[in-house]
Amino acid sequence: MIPGSFNYHRPKSVQEAVGLLAKLGDDGRLLAGGHSLIPTMKLRLATPANLIDLGGIADLKGIRADGNDIVVGAMTTQHDLIASDLLASKIPILRETSAQIADPQVRYVGTLGGNVANGDPANDMPALMMCLNATFHASGKSGERKIAARGFYQGLYATALQSGEVLTAIRIPVPAAGHGYAYEKLKRKIGDFATAAAAVVLTMKGGKVNSCAIALTNVADKPLLAEEATKILIGSALDAATVKRAVAAAEAITSPAEDPRGPAQYRTKMAGVMLTRALARAKSLAKG
Amino acid sequence: MNDMTPTSAERAAKLEGMGCKRKRVEDIRFTQGKGNYVDDIKLPNMLYGEFNRSPYGHAHVKKIDTAKAAAVPGVVAVLTAETLKTVNLAWMPTLAGDVQMVLADGYVLFQNQEVAFVIADSREAAADAADLVEVEYEQLPVNVDPLKAMAPNAPVIREDLKGKTEGAHGKRKHYNHIFSWQAGDKAAADAAFAKADVTIREMISYPRVHPCPLETCQCVASFDKIKGELTLYGTFQAPHVIRTVGSLISKIPEHKIHVISPDVGGGFGNKVGAYPGYICSIVASIVTGVPVKWTESRIDNLSTTAFARDFHMDMELACTKDGKLLGLRCYTIADHGAFDACANATKWPAGLFSIISGSYDIPAAHCLVDGVYTNKAPGGVAYRCSFRVTEAAYCVERAMDIMAQKLGMDPADFRMKNLIRREQFPYTSAFGWQYDSGDYQTALTKAMEAVSYRKLRDEQKQKREAFKRGETRELMGIGVIHFTEIVGAGPSRNCDILGIAMFDSAEIRIHPTGSGICRLGTKSQGQGHETTYAQIIATELGLAADSITVEEGNTDTAPYGLGTYGSRSTPVSGAATAMACRKIKAKAQMIAAYMLEVHDDDLEWDVDRFRVKGNPERFKTMTELAWAAYHEVPPGMEPGLEAVDYYDPPNFTFPFGAYICVVDVDVDTGMIKVRRFYALDDCGTRINPMIIEGQIHGGLAEAFGIAMGQEIHYDDDGNVTTASFLDYFLPTAVETPRWETDWTTTPSPHHPIGAKGVGESPNVGGVPCFSNAVNDAFAFLGSTHIQMPHDHWRVWTAAEKLGLHA
Ligand SMILES: Cc1cc2nc3c(=O)[nH]c(=O)nc-3n(C[C@H](O)[C@H](O)[C@H](O)COP(=O)(O)OP(=O)(O)OC[C@H]3O[C@@H](n4cnc5c(N)ncnc54)[C@H](O)[C@@H]3O)c2cc1C
C-alpha cells in the first residue's frame, strides 16, 4: 500500500501541462483529485515516474452557462457540482448523480474531469455524460479538439483521449425545460461503485415520450448508450409492455463481469431493474 | 450529623461506581488524536520491515533471488526461510499445537503467504525492495473447499506432515485432516432421534469472515545486544502470552523480554495470535541491532492474519409432534486454512462449540467436529465471541426456526416452549456445561411485548397476501432469537493456553492520599477498561472512580494474565479486581478498628467508610484509612495498602439475550431494509450501562456486516477476491440500522460482583437474528435455509429460485 517513487510537477497553465506531457511522454501522468489514480498507485498497478498535478490551474475550475450549454471545467469537484445552483436548476440529474458518488470526503477532491477521463466503467459520470450528450474539450500539442462523450469510451481504461492531451472542460447541452430524469444506482453501501446503474433523461408530449436518452453504468467494459431501448420507447406512453421490451433491449447490450457485487446474470438483471425504476421516476418528473 | 451531611446515597453517587453511566476516561485522549498506538512509536535508528508475499494459493518455491531487492538504496537486509533456519525459526509453533511457516520454506500454501522479509531505512524503500524479490514458483493444485479437503484425491496441503497419523488432538483420518473432536452422548442422541415424531436436518454454513479491526496488526521489536534484552511493542490482546510464547520460541529468558501493548485500535480476536511479522521483526532487530517496525496493510490484514468462522455444520434436531425438543446432532467441518493457528484454549480444538444446545432444554445431544487443511490463510479465531460460540449460536438459532417451520409453530412460541426454565438453574446441559443463571422466558416475553410481536405477525400475514396478489414486491421478515453465551474462559479445570491456566489478575495499590492504581493482566482494545475497572474499585473500596488509574499492557508492571478476548475481562479480571479490593478492605477494617478502638466485628461498611455499629457518627473513611495505612498501622501489621489477586473462576458465565429484527426484502433487487432491531441483553450486574450500550451497538453493527454481506472469498485458483474494502463489505453508519436496546439483570451467582460480560453478546446474537429475519421473509414459500451472507445478489438468487421473478 505504498506507492513507488515519482517526481511531482505543478504547472500553472494548461499550456505548461501540455508541454510537460509532451516532454515526459509515457512517463508523465496527469493528477486531478487523485481518488482513482492514487489508490491504483498504492497497489502499484500504476507506477508513473512523474505526476503532473492540474490543481494549480485556475482556468480548469468553474461552472458557467454558455448559450444553451453549460460548461464545466475539468477540475471542478464533484462537491462543486452538488453545490451549484445553476446545475440544480438546469441539469438536476448531474447533482443527483454526483450525490451518489462515493462519500463527501471523496467528492470534495474528486473531479468531473478525472471521473470522465479515467475510463473506468464503474464510474458514474461517463454514462451520465453519454446520456446528456456532452462534449469533452481536449488540449494537446497540436491544439484543441472536441470529442463527443458518446464516442469517447472504447473499453476498460481506453478512451479517445490521446497521450499528450489534457481534458480541459465538459460542455453539456441543457435538456429541454420540463424534462424528466433519474439516475438509479444499486450499490451495497456508501462508497461503493454501482452493481448496476441507469441514467434516463426524457421529455413527454401529450403523454407520450417525445425524446429520450438512456445510458448504463458498470455493466460492460465501458459505459453503454442504450439506443435500441430508446427507439422502442419513443412515442410510447411508457406502458408496462413497452417498458418491458425496452428493458429487455437494454439488458441485451450488457456484458458485465462477475465480481463480489454479483454474478454477470444478476448484474444484467439489475441494469434492467434500475432502468425500469429510472423510467418510472423520470416519467413522474416530466411535464407534458 | 447535621442536615448538610451527605446521605449514603449521595456519597455513593459521587463515587461513580457500579451502575453509573460514567463517561469513558480514555475518550479524552482518543477523541483528540492523542492516543498512543504502535504506529506512534518511533525509536531512534528504527528500520522498517515489509514482506514479499506469494501471488499463488499453492506452489512449490523453486528459487528465491534477493539480489535486486538487496541492492535498493536503504535496504539493510533481506530475510528468507534459509536465513531463519540459522536461528531455527523458519517455522513456529501455533497455539493449537501445529507448526506454521514463518517464511515460505519450499512451499507456499495460501495466497499472500509471507515469502521474504525486507528490512530498510524507510517504509518506502522496504516496499520498493519487497517488490523486487524474485521468486520462481511451480504452481500446484489448489483446494479452497473444506468439504472437498478429505476427498481421496484432494491436493496434499501439508507436505511436512506426510505420514504423520497422529495430530495434536489424536488420530488423523486423512492427510488433510487436523483433528476430530466430539462432545455429548452419541448413543443417547441417536436414541432420541429414533423415537422422535419430527426431525429436521440442514447444512448450515457460517462463511469465513474477518474481525477487521480499524488498526491492523503491527509491532516494533527492539533488541538490546548489550543487555541481551528484547522490548516488543505490539498490537497484542494478550501481552503476557506473547512474552511466554516469545521466550519459548526465541529462547530469550522470559525476564529479558518486555512486551508492551500500548493503545490498541480494536482487536476482536485478530490480535490474539503470534504472526510471522512479529517473529521476523524480532529476528531482524537481533540481526541489525536496531529497532525494527512492521506494519500490516489492510490487504495483508484481511488476507493473512487470523480470519474467523468457516464452519460448515450439518445440523439435526429431533422433536415430539407438539414441539418438545428431544435431541440434537451436529457434524461440522471446520476449515482452519493451511496451518492450524486457531487461538483456542489448547485442549479445545473446536473451542466451546458444544454450547450448541443454546438456550434450550435438550435432553440428548452430540456433536463432532473435523478440522481440515485448505489453501487458505490460517486462523479460526474467536471474532468477538468466546471460542466458536458464534458458530454454535448461529447454527442452533437457524435450526430452531427450521424446526418451527416444519412443526407449523410460531418460532417465538416454539422457543418459549423449549427454553430452559428459571427454576432449572443452575442447569447442566446435555454437553455437560453448567449454566450459572438465567431467566430466559422473562427476557423473551419482554422482547416480544416491546415490539408488539403478535401485531408484527399479523402485519406480515397481510403483506404476504398482498404480495401474492401482486400489490407489492416486498416481503416482510421477522427474526427472533434467544441466545446463550459461554464466556469468561476460564476455569483452570477446563482451560489452558499451552499449559498456562486461564486465570486472570489484578494488582491494586492505594496511595497514602486515597487515590490508587490498578494493574491487570487483561488489555483493553477499545472496551473502556480504564473506566469500568475503576468503577468496580469505587464501589468495592468507597474511593471515587476518578481517583483510580487503571493500567494494562506492560508485562513488566502488570501481573500475569491471559489477556482480553472471549468476553473474559469482566468475568475474570473484573472478579480479580473485586477480590483484590476485598483483601484491601479487610486490612482497612483492621486499621479502622484499631483507630476507633473497637473490635473488627463492631464495624460495618457504609459506602466509603467503616462505622461503628449503632454509632454511625464514629467512622473512618477509606481515604483516612489509606493515610493511616502508611503511618499508624496496628502493632505487628505491615504498612501499606495493596493487594494482588489471581482469579481462577469456578465456572464460566452465561450471558444471554433475546433479539428481534424486522426486515423488508425487495425481491427484485435483493436489497434488505432493516426496519427495526430490538436487543435485550442480560449480562448480569451492569457496571456501566453506557459502555454496555456502546458495546452492543458496536457488536450489532458487526453482526449486520457479517449477516448482510461479509465473506472472505477465494476463487478456485486460490485467489482471495475480497482482500480490500472495495470488495469486502464493511458497512458504514449510513447502512447500519438504528438499535433499540434493553435489558434484564440476572446476576451470576458465582462471580464476586455478579457480572457476566457483554462485549460479544451482540455479535453472537445479532448474526442469527438478522439471518432468521431474512429467512423468515421467504419461509412461507417453502424455503428452509438461505446461506449467509444475505447480500443483494444472493437474496435475489434465492428469490429467483423460488420463481419470484417470473
Ligand atoms: C472510496 C471511493 C469510492 C468511490 N466511489 C465512486 C463512485 O461511486 N462513483 C464514481 O464515479 N467514482 C467513485 N470514485 C472515484 C472518484 O469519483 C474519483 O475521484 C474519480 O473517478 C476520478 O477523479 P479524480 O479527480 O480523483 O481523478 P484522478 O484520480 O486524479 O485521475 C483519474 C485518471 O484520470 C486522468 N485525468 C485526470 N484528470 C484529467 C484531465 N483533466 N485530463 C486528462 N486526464 C485526466 C488521470 O491521469 C488518471 O488516469 C470513488 C473513489 C474512492 C476513493
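Not measured: the values here are computed from a predicted model.

Thresholds applied
- All chains use their own residue numbering, which begins from 1 and follows the written sequence.
- Whichever chain is written first becomes A and whichever ligand is written first becomes 1, with later ones labelled in order.
- It should be noted that, the model being predicted, local features are given only for residues of pLDDT at least 70 and side-chain atom pairs only at 80 or more, the latter also being counted only at that level, while totals for whole chains, interfaces and linings use all residues.
- As a rule here, side-chain values cover all heavy atoms of the structure and leave hydrogens and water aside.
- For helices the rule is a DSSP run of H or I covering at least 4 residues; for strands it is a run of E covering at least 2, with both sets numbered from the N terminus onward.
- The reference for a compact globule is 2.2 Å times residues^0.38; the radius of gyration itself is calculated from the C-alpha atoms.
- Each residue is assigned to one of three classes by its accessible area relative to the maximum for its type, calculated with a 1.4 Å probe on protein chains only: buried under 20%, partly exposed between the two thresholds, exposed over 50%.
- Residue contacts follow a heavy-atom distance rule, with two residues in contact if any of their heavy atoms lie within 4.5 Å.
- Positive charges are assigned to Lys and Arg, negative charges to Asp and Glu, while His and the chain termini are left out of the count.
- Charge placement uses NZ in Lys and CZ in Arg. For Asp and Glu, CG and CD serve respectively.
- For salt bridges, the criterion is a side-chain nitrogen of Lys or Arg within 4 Å of an Asp or Glu carboxyl oxygen.
- Once two parts are brought into contact, the accessible area they lose, counted with a 1.4 Å probe and summed over both, makes up the buried area.
- Think of a polar contact as two N or O atoms within 3.5 Å of one another; within protein, one of them needs to be a possible hydrogen donor and the other a possible acceptor, and neighboring residues in sequence only count if both atoms come from side chains.
- The residue classification treats Ala, Val, Leu, Ile, Met, Phe, Trp, Tyr, Cys and Pro as nonpolar and Asp, Glu, Lys and Arg as charged. All others, Gly included, are polar.

Some remarks on the overall build of chain A
Moving on, step 1. For chain A, the helix and strand inventory stands at eleven helices and 14 strands.
Moving on, step 2. Its C-alpha radius of gyration of 19 Å places chain A within 12% of the 19 Å reference for a compact globule of 288 residues.
Moving on, step 3. In terms of overall dimensions, chain A has a C-alpha envelope of 60 × 45 × 35 Å along the principal axes.
Moving on, step 4. When burial is assessed residue by residue, chain A has 56% of its 288 residues classed as buried.
Moving on, step 5. Within chain A, contacts between residues separated by at least 24 positions form 62% of all contacts whose residues are at least 6 apart in sequence.
Moving on, step 6. Across chain A, the centroid of the 33 positively charged side chains sits 4 Å from that of the 24 negatively charged ones.

Some remarks on the pattern of salt bridges
Residues and elements named next belong to chain B.
Moving on, step 1. For the structure on display, the rule yields 76 salt bridges over all chains.
Moving on, step 2. Residues D608 and R11 are paired through a salt bridge, measuring 2.6 Å at the closest nitrogen-oxygen approach. Of this pair, D608 sits in the loop between β29 (603-606) and β30 (609-612) while R11 sits in helix α1 (residues 8-15); the two residues are 597 residues apart in sequence, bridging distant segments of the chain. Here D608 matches R11 in class, with each residue buried.
Moving on, step 3. The partner of K673 in a salt bridge is E474, and the shortest N-O contact between them spans 3.2 Å.

Quick look at the interface of chain B and chain A
Moving on, step 1. Contacts between the two partners involve 26 residues from chain B, matched on the other side by 23 residues from chain A.
Moving on, step 2. For the pair chain B and chain A, the two sides together bury roughly 2100 Å², of which 62% comes from carbon and sulfur.
Moving on, step 3. At the junction of chain B with chain A, the criterion picks out three salt bridges.
Moving on, step 4. A salt bridge links D666(B) to R277(A), with the shortest nitrogen-to-oxygen separation between them at 2.9 Å.
Moving on, step 5. For the interface between chain B and chain A, the tally reads seven residue pairs in polar contact (both at pLDDT 80 or more).
Moving on, step 6. Looking at the side of chain B that touches chain A, the elements that each hand over two or more residues are α5 (123-132) and α19 (792-801) of chain B.
Moving on, step 7. Broken down by element, the side of chain B that touches chain A gets its largest block of residues, five residues, from α5(B).
Moving on, step 8. Of the residues assigned to the side of chain B that touches chain A, the class counts are ten nonpolar, six polar and ten charged.

Focus on unusual backbone geometry
All names here are of chain B.
Moving on, step 1. Each neighbour pair has its own omega, and for F425 with P426 the value is -5°, a cis peptide bond.
Moving on, step 2. The peptide bond linking M788 to P789 adopts the cis configuration, its omega dihedral lying at -5°.
Moving on, step 3. With respect to the helices and strands, P789 occurs in the loop between α18 (761-779) and α19.
Moving on, step 4. Notably, F268 is not glycine yet its phi reads approximately 55°, a positive angle.
Moving on, step 5. Within the fold, F268 resides in the loop between β15 (257-260) and α8 (276-288).
Moving on, step 6. A relative accessible area of 26% means that F268 is categorised as partly exposed.
Moving on, step 7. Positive phi values are uncommon outside glycine, yet S452 reaches one of about 50°.
Moving on, step 8. Examined against the element boundaries, S452 turns out to sit in the loop between α12 (440-450) and α13 (453-468).

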